[in-house]
Amino acid sequence: MSKSLQAIRGMNDILPEQTPLWRYFEGTVARLLDNYGYKQIRMPIVEFTELFKRSIGEVTDIVEKEMYTFEDRNGDSLTLRPEGTAACVRAVLEHGITGGGQVQKLWYIGPMFRHERPQKGRYRQFHQIGLEVFNLDGPDIDAELIIMTWRLWGELGIRDAVKLELNSLGTSESRGRYREALVEYLLAHHDKLDEDSQRRLKTNPLRVLDTKNADTQAVLVDAPKMADYLDDESRAHFEGLKARLDAVGIPYVLNPKLVRGLDYYSKTVFEWVTDRLGAQGTVCAGGRYDGLVEQMGGKPTAGVGFAMGIERLVLMLETLEQIPEEISRQVDVYLCAFGEQAELAGLALAERVRDQLPNLRLQVNAGAGSFKSQFKKADKSGALYALILGDDEMAQQVVGFKPLRGQGEQQSIAWDALAAHLATCVVQG
Ligand code: ATP
Ligand code: MG
């Protein structure tokens, strides 16, 4: 195929064989969020570039090197959203739905775009389910977010493969004091830092903490600890969160080096990580961002949220073979009809059955064909049962009912009794 007709590197088609698992995952999350009282919001995929610079921060990896930014025909600088929080905050402010302390518990789903090096679990167009809560400032809601994800991992059957890492970044004041102490310490060891960390030391010193470089990591062993700089309020908040996780029995690991890539976090930050996906181990990440709304021009508004990467979680389900059996079957019943009269009767019969069983996955053979070829298609469809309409069945106003998986003889069912019969033998999703 010529190059121009290929998809962009790092931007994937999700093929029909993959979509059932995606829909199962997305449906499971959506139901769970409904049950906890969260409401969906949908934002545009493109926003003014300025929005991301202001919210994510100028000296972050995302804004410095990962954004898809372009000029539109009016000369405005636009960017394909690299994440959802910025647009969500913009939307609630623009529509005034967090004004006067109104609580909002929101979630969204959709594609995000980052110009990163594509590899397993890391793509240029990827998908997130994200969640943001506004105007609740206590640790109880931080805990609820984590408890919900814990329940999700349980429902998906991947709980044993993920680990919760937790940290508190304090308020911006206490983080400022810590930053000063850290910079002072790191400057004294400047020569032993890797190049990237030397650069970060100037632009975003906290990010030095999550360096992968072994020499820099060695320097960090004796560096000042964030926990020693936490203000009382943040400390109490963090204790409140931990007490709630303990009460529910959710295990966690304190990771003082967890700082997250974005500028806007304060107090709680967390990541759900796994060792089953190689280097791309974070499946869900988030935290509190009490200063962000104000920074974006709103009134002071507490905020907390997280986002999970759908590709990575779908990969987890595949890797751990946690794929429910029923999602691989997309057809319950396949109707074969032989001859024009039978085809017409079959169509009408199928519609009558659909009227009575709206959830039945009934496929009517298209393209006619011999007994053998229709039967082959019925089998290949994965259907549990084939319905057969030939001359004999037409004459008697019945349909042949043949189990395709496992035992059972073919039987004849009267047209009028078909829906009732199917209702007893097909479990409807
Ligand atoms: P990472 O450290 O893996 O780059 P991040 O801190 O940049 O992640 P966030 O901005 O917190 O990621 O996004 C939340 C989640 O979205 C991540 O935990 C991950 O599951 C997913 N994610 C982020 N970037 C990508 C990507 N390029 N491809 C696939 N999934 C991604
Ligand atoms: Mg990243």
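Residues numbered from 1 in each chain as written. Chains lettered and ligands numbered in written order. Predicted model: local features only at pLDDT ≥ 70, side-chain atom pairs only at ≥ 80, totals over all residues. Heavy atoms only, no water.

**Details of the sheet that holds strand β5 (residues 104-113)**
Here's step 1: Strand order in this open sheet of 8 strands is β1-β5-β6-β11-β10-β9-β7-β8, and the pairing throughout is mixed. On the outer flanks of this sheet lie β1 (39-40) and β8 (253-254), each paired with one strand and no other.
Here's step 2: Relative to strand β10 (residues 282-288), strand β9 (residues 266-274) is paired through 6 bridges, and the arrangement is antiparallel. Looking at β10, one finds that Glu271 is bridged to Ala285.
Here's step 3: Packed onto the sheet, helix α4 (residues 85-94) meets β5 and β6 (125-134) and runs at close to 45° relative to β6. (Pairing = 2+ DSSP bridges. Helix = DSSP H or I, 4+ residues; strand = E, 2+ residues; numbered from the N terminus. Contact = heavy atoms within 4.5 Å. Axes fitted to C-alpha atoms, helices over the stretch in contact; angles between N-to-C directions.)

**Focus on the site of ligand 1**
Here's step 1: In the vicinity of ligand 1, 15 residues are found, and the nearest of them are Arg114, Glu116, Arg122, Arg260 and Thr282.
Here's step 2: In the model, an oxygen atom of ligand 1 is placed 2.3 Å from a nitrogen or oxygen of the Arg260 side chain.
Here's step 3: For ligand 1, whose accessible area on its own is 580 Å², the fraction buried by protein is 86%.
Here's step 4: Only β6, β10 and β11 (303-309) provide two or more residues apiece to the shell around ligand 1.
Here's step 5: For the shell around ligand 1, the class distribution of residues is 6 nonpolar, 4 polar and 5 charged. (Near = heavy atom within 4 Å. Polar contact = N/O pair within 3.5 Å; in protein donor to acceptor, adjacent residues only side chain to side chain. Areas by Shrake-Rupley, 256 points an atom, 1.4 Å probe, with all protein chains shown as cover. Nonpolar A, V, L, I, M, F, W, Y, C, P; charged D, E, K, R; others polar.)

**What to know about the pattern of salt bridges**
Here's step 1: Within this structure, the stated rule accounts for 25 salt bridges.
Here's step 2: A salt bridge links Asp142 to Arg288, with the shortest nitrogen-to-oxygen separation between them at 2.6 Å. Of this pair, Asp142 sits in helix α5 (residues 139-156) while Arg288 sits in strand β10, placing them 146 residues apart in sequence. Comparing Asp142 with Arg288 shows no difference in burial state: the two are buried.
Here's step 3: Between Arg276 and Asp275 there is a salt bridge, with its nearest N and O atoms 3.2 Å apart.
Here's step 4: Salt bridges sharing partners connect three or more residues here, namely Asp61, Lys65, Arg200, Arg207 and Asp210. (Salt bridge = Lys/Arg side-chain N within 4 Å of Asp/Glu carboxyl O. Buried < 20%, exposed > 50% of the residue type's maximum accessible area, 1.4 Å probe, protein only.)

**Side note on empty space enclosed by the protein**
Here's step 1: Per the stated rule, a full pass over the model turns up 2 cavities of 30 Å³ or more.
Here's step 2: Computed from the structure, the largest cavity encloses a volume of approximately 50 Å³.
Here's step 3: Taken together, Val59, Thr60, Asp61, Glu64, Arg199, Arg200, Thr203, Asn204 and Arg207 make up the full set of residues lining the largest cavity.
Here's step 4: Among the elements that make up the lining of the largest cavity, the one with the highest residue count is helix α7 (residues 195-203) (3 residues).
Here's step 5: Considering only residue class, the lining of the largest cavity consists of 1 nonpolar, 3 polar and 5 charged.
Here's step 6: In this structure, the second largest cavity spans a volume of roughly 30 Å³.
Here's step 7: Every residue along the wall of the second largest cavity is listed here: Val29, Leu32, Leu33, Met148, Thr149, Leu152, Phe306 and Met308.
Here's step 8: Every element with two or more residues in the lining of the second largest cavity is listed here: α1 (19-35), α5 and β11.
Here's step 9: Classifying every residue of the lining of the second largest cavity gives 7 nonpolar, 1 polar and no charged. (1 Å grid on protein atoms, 1.4 Å probe; cavity = no way out; pocket = protein on both sides within 12 Å on 5 of 7 lines; lining within 4 Å. Points joined across faces, edges and corners; volume = space filled by probe spheres on them.)

**Notes on the packing of α1 against helix α11 (residues 310-319)**
Here's step 1: Between α1 and α11, whose axes approach to 10 Å, the crossing angle comes to 110°. One finds that α1 runs roughly perpendicular with respect to α11. On the side of α1, the interface is formed by Leu21, Trp22, Tyr24, Phe25 and Glu26, while α11 contributes Ile310, Glu311, Leu313, Val314, Leu317 and Glu318.
Here's step 2: In terms of residue class, the contact of α1 with α11 is made up of 8 nonpolar, no polar and 3 charged. (Parallel < 35°, antiparallel > 145°, perpendicular 65-115°, else oblique.)

**Let's talk about the nonpolar core**
Here's step 1: Ranked by size, the top nonpolar core spans 90 residues in total, and within it Trp153, Trp272 and Met308 carry the most contacts.
Here's step 2: The element that contributes the greatest number of residues to this core is α5, accounting for 9 residues.
Here's step 3: Once residues within four sequence positions are removed from consideration, Trp153 is found in contact with Ile158, Arg159, Val162, Trp272, Val283, Cys284, Met308 and Leu313.
Here's step 4: One finds Ala337, Leu357, Tyr385 and Ala419 within the second-largest nonpolar core, a separate group that totals 22 residues. (Core = buried A, V, L, I, M, F, W, Y, C linked by side-chain atoms within 4.5 Å.)

**Some thoughts on the sheet that holds strand β3 (residues 68-71)**
Here's step 1: The strand order β2-β4-β3 describes an open sheet built from 3 strands, whose pairing is antiparallel. The open sheet terminates on both sides in strands that have one partner only, identified here as β2 (46-48) and β3. Adjacent strand axes in the sheet meet at a mean angle of 35° when their direction is disregarded.
Here's step 2: Bridge count for β2 against strand β4 (residues 77-80) is 3 bridges, and the pairing is antiparallel. The residue bridging Phe48 from the neighbouring strand is Leu78, located in β4.
Here's step 3: Sheet strands touched by helix α2 (residues 49-56): β2, β3 and β4. Its angle to β2, the strand with the most contacts, is close to 75°.

**Describing the domain arrangement of the protein**
Here's step 1: Under the domain assignment used here, the protein contains domain 1 (19-171 + 231-319) and domain 2 (329-428).
Here's step 2: The distance between the C-alpha centroids of domain 1 and domain 2 comes to 47 Å. (Domains from an automatic or database assignment.)

**Thoughts on unusual backbone geometry**
Here's step 1: Positive phi values are uncommon outside glycine, yet Lys267 reaches one of about 50°.
Here's step 2: Position of Lys267 relative to the elements: it lies in strand β9.
Here's step 3: Of note, the phi angle at Ala368 is positive, near 50°, even though the residue is not glycine.
Here's step 4: Relative to the helices and strands, Ala368 is located in the loop between β13 (362-364) and α14 (371-380).

**Quick notes on a nonpolar patch on the surface**
Here's step 1: On the surface, Ile45, Val46 and Phe70 cluster together into a nonpolar patch covering about 210 Å² of accessible area.
Here's step 2: On the secondary structure map, Val46 appears in strand β2.
Here's step 3: Assessed through its relative accessible area of 32%, Val46 is described here as partly exposed. (Patch = residues over 30% accessible without salt bridge, like charges linked within 9 Å, V, L, I, M, F, W, Y side chains within 5 Å.)

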